[in-house]
Amino acid sequence: MPGLLRGVARTAAVAGTATAVSNRVSRRQAGRWAQQDYEQQQQQYAQQQPAPPAPAAPPPAAAPDDMTRKIEQLKQLGDLKAQGVLTDEEFERQKRLLLG
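The model shown is predicted, which means the values in this text are computed figures rather than measured ones. For every chain, the first residue of the written sequence is number 1, and numbering continues from 1 along that sequence. pLDDT decides what is reported in this predicted model: residues at 70 or higher carry local features, side-chain atom pairs at 80 or more are listed and counted, and totals for whole chains, interfaces and linings draw on all residues regardless. Values shown for side chains rest on all heavy atoms present in the structure; no hydrogens or waters enter the calculation.

Some details on the confidence of the model for the chain
One rule of thumb: low pLDDT means the predicted coordinates there are not for detailed reading. Note on scores: pLDDT gives the predictor's confidence for each residue, bounded by 0 and 100. Of all residues in the chain, 88% attain a pLDDT of 70 or more, and the chain-wide mean is 81. Highest mean pLDDT in the chain belongs to helix α3 (residues 88-99) (88); lowest belongs to helix α1 (residues 2-48) (82). Each helix is a run of DSSP H or I of at least 4 residues and each strand a run of E of at least 2, with the numbering of both proceeding from the N terminus.

Some points on the pattern of salt bridges
What counts as a salt bridge is simple: a side-chain nitrogen of Lys or Arg found within 4 Å of a carboxyl oxygen of Asp or Glu. A complete count under the given rule lists three salt bridges for this structure. Among the salt bridges present, the one from Asp88 reaches Lys81, with a minimum N-O distance of 3.4 Å. Glu92 serves as the salt-bridge partner of Lys95, at 3.6 Å between the closest nitrogen and oxygen. Remark: Glu92 and Lys95 occur in helix α3; sequence separation between them is three residues, near one turn of the helix. With a relative accessible area of 26%, Lys95 lands in the partly exposed category. For each residue, the accessible area found with a 1.4 Å probe, counting protein chains only, is set against the maximum for its type, and the residue is called buried under 20%, exposed over 50%, and partly exposed in between.

Here it is, written out as structure tokens:
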């Protein structure tokens, strides 16, 4: 009978140890899966968020000297057209280039 008790005790110890190890492995694996799920949710959330719109750059304001220069050039183009040096098409093309 002592051999039988020893065998039962050994089986119980082995089974208990195996159960404890198995539970620990299961908990650790569940923790890893939970961490992976969390990271995937964070990535999906970041992808779903629209990027903030870039601030629109204000149009460059023409400096007073620049406007004065353009007006002078337009006057010169008008004079050249009046003198017959430029045709109507050439005048319009130069005016468009000047005014942008």
